Structures are given as C-alpha cells and as structure tokens.
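So the chains spell out like this:
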Amino acid sequence: MKYAIYVLFAFIIMSCADANTRTENEKSSNVIANADYNPEAKLDSLDIKLRGQGTPVANYVHAARTGNLLFLAGKGPKQANGENIVGKLGDSLTVEQGYQAAREVGINQLSVLKAELGNLNKVKRIVSVHGMVNSAPDFKDHSKVINGYSDLMVEVFGDNGKHARAAVGMGSLPGNMAVEVEMVVEVYE
C-alpha cells in the first residue's frame, strides 16, 4: 500500500511537470508560427545594408549572452557616413527626425545581432527594448520617437519583433546623440 502511494504521487508530479512543459513549448512555438519567417530576406527586400560596429570605446562589449538571451549594449544613431545624429528632441530636432534617428539605431543593433549570430534567422524574438531620448524638459513624444526603432524590428522580424518597451526622456546622452537604445533578444540554441 505504501509503495502504491509513492508510485501514485510520482505519477501525479510527472504528469504536472509534463503538462507545464507542453504549455511552455506551446507558448514558445506560437511566437514563430509563421513559416515565412526569414529576417535575412526581409532586410534585402527593405534594402537595408548592415554595417560593422567597430570595437567598443570603453570597457564593455556590444552583446553579452546568457543561455538563449542576448543582451545588446546601448547604441546610438550612427549613420553609414560615421556621424551620429545629434541634438535634443523638442529643441533642435523634430519628432520625425527623432523617429529616423531611432531607426538608425535599429540598423546598428541589427548589425550587432548579425555579427554575434552570423544569421538573423537565429533570432527567435525581440524580448525587450529600452529607448532613451535626448529631450527638452517639456518634450512629451518619447514613444513616437522610439517607434522608429520598434517599427523597424516588426518590419524585419514580423510578430517576433513585437516587444516589451520603455521610452524615456534623458537630460543628455553621450556626445549629444539624439537617441540611445538597448535591447534583449531571445535566440535559438
């Protein structure tokens, strides 16, 4: 009788664990339900050219991986010509200019991802984005600026590009750059 109770107890625990695993796997697989998922091809169709990011200028790395999460360091809106988009939103820059600056940051972060992974098809999903906007004290459209970044992630990764997000104002950013963004990405093992 005692042995039967242990067996029954073990069966219940294993069944619960199996059900939880199936639920988690189903949630994960729902994110990548689209058989046409191909960020590399999408970049080509958008005519986006990725560019080298060089060596970090301080004691940090472009990306750090733990498990299947990749944490990308904050990047600014350095353009293909090597110059940052600089200025304050609500003062010297418009929302539209800020949107384009945030989009440039997105291209730079995609460049980091490509360098780290070798292929953007290894991105399972964009998990989280923290957008910082160099803004005047009375500026209120931070989210409209960071939409330039978020919209690009969804253009490239589809529903897998939708993410949790913060869009906040800063009194200043390094080198007076207009925008800085960091993000967390889930990748395939």
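Residues numbered from 1 in each chain as written. Predicted model: local features only at pLDDT ≥ 70, side-chain atom pairs only at ≥ 80, totals over all residues. Heavy atoms only, no water.

Attention now moves to the side chain of H62. Residue placement: H62 occurs in the loop between α2 (39–45) and β1 (63–66). In this structure the side chain of H62 is engaged in a polar contact, spanning 2.6 Å, whose partner is the side chain of K75. For H62, the contacting residues outside a window of four places in its chain are Q53, G54, T55, P56, F71, L72, A73, K75 and V112. (Helix = DSSP H or I, 4+ residues; strand = E, 2+ residues; numbered from the N terminus. Polar contact = N/O pair within 3.5 Å; in protein donor to acceptor, adjacent residues only side chain to side chain. Contact = heavy atoms within 4.5 Å.)

Compared with the 33 Å implied by 1.5 Å per residue over 23 residues, the 33 Å span of helix α3 (residues 95–117) between its first and last C-alpha is a close match. G118 occupies a position one or two residues after α3 and carries a positive phi of about 85 degrees. (Expected span 1.5 Å × (residues − 1).)

On to helix α4 (residues 142–157). Because an α-helix packs 3.6 residues into every turn, residues spaced three or four apart end up facing the same way. Taking 1.5 Å as the rise per residue, α4 with 16 residues should run 22 Å; its terminal C-alpha atoms sit 23 Å apart, in good agreement. Maximum bend of α4: about 35 degrees, positioned at G148. In this fold, the buried residues of α4 make contact with α2, α3, β3 (123–134), β4 (164–170) and β5 (179–187). Following α4 by one or two positions, G158 has its phi on the positive side, about 65 degrees. (Bend = angle between axes of the 7 residues up to and from the residue.)

Spatially, β1-β2-β5-β3-β4 is the arrangement adopted by the five strands of the open sheet, whose pairing is mixed. Lying at the two open borders of the sheet, with one neighbouring strand each, are β1 and β4. For this sheet, the mean angle separating the axes of adjacent strands, direction not counted, is 15 degrees. Against the sheet, α3 makes contact with β1, β2 (69–75), β3 and β5, and its axis sits at roughly 40 degrees relative to β5, the strand it touches most. (Pairing = 2+ DSSP bridges. Axes fitted to C-alpha atoms, helices over the stretch in contact; angles between N-to-C directions.)

This part takes up the environment of F71. Within the element layout of this structure, F71 appears in strand β2. Residue F71 is classed as partly exposed on the basis of its relative accessible area of 36%. Once the C-alpha coordinates of F71 and S128 are considered, the two residues, 57 residues apart in sequence, prove to be 9.4 Å apart. With residues near it in sequence (within four places) discarded, F71 still touches H62, A63, A64, T66, M183 and V184. (Buried < 20%, exposed > 50% of the residue type's maximum accessible area, 1.4 Å probe, protein only.)

On to unusual backbone geometry, then. Residues other than glycine seldom take positive phi values, yet D47 does so here, at roughly 55 degrees. Positionally, D47 belongs in the loop between α2 and β1. A positive phi angle, close to 65 degrees, is found at N176, a residue other than glycine. Note that N176 resides in the loop between β4 and β5.

Contact geometry of α3 with α4 gives a least axis separation of 7 Å together with a crossing angle of 40 degrees. In terms of orientation, α3 and α4 fall into the oblique class. In terms of crossing hand, the pair formed by α3 and α4 is right-handed. From α3, V95, G98, Y99, A102, R103, V105, G106, I107, Q109, L110 and L113 reach across to α4, where they touch K144, V145, I146, N147, G148, Y149, D151, L152, M153, E155, V156 and F157. Classifying every residue of the contact of α3 with α4 by side-chain character gives 14 nonpolar, five polar and four charged. (Parallel < 35°, antiparallel > 145°, perpendicular 65-115°, else oblique. Left-handed = near helix turned anticlockwise from the far one by under 90°. Nonpolar A, V, L, I, M, F, W, Y, C, P; charged D, E, K, R; others polar.)

In total, this model carries seven salt bridges according to the counting rule given. Across the pair K114 and E40 runs a salt bridge, and its minimum N-O distance is 2.8 Å. One end of the pair, K114, is in helix α3; the other, E40, is in helix α2, and 74 residues separate them in sequence. Between K49 and D47 there is a salt bridge, with its nearest N and O atoms 3.0 Å apart. D47 matches K49 in its accessibility class, with the two residues each being exposed. (Salt bridge = Lys/Arg side-chain N within 4 Å of Asp/Glu carboxyl O.)

Right, let's talk about the pairing of β2 for a bit. For a regular strand, side chains alternate in direction, first toward one face of the sheet and then toward the other. Among the seven residues that make up β2, five are buried, leaving the element largely enclosed by the rest of the structure. Here β1 hands over to β2 after two residues, with G67 in that stretch at a positive phi of 60 degrees. In the sheet, β2 pairs with β5 via five bridges, with the strands oriented antiparallel. When the sheet's bridge partners are listed, L70 is paired in β5 with V185.

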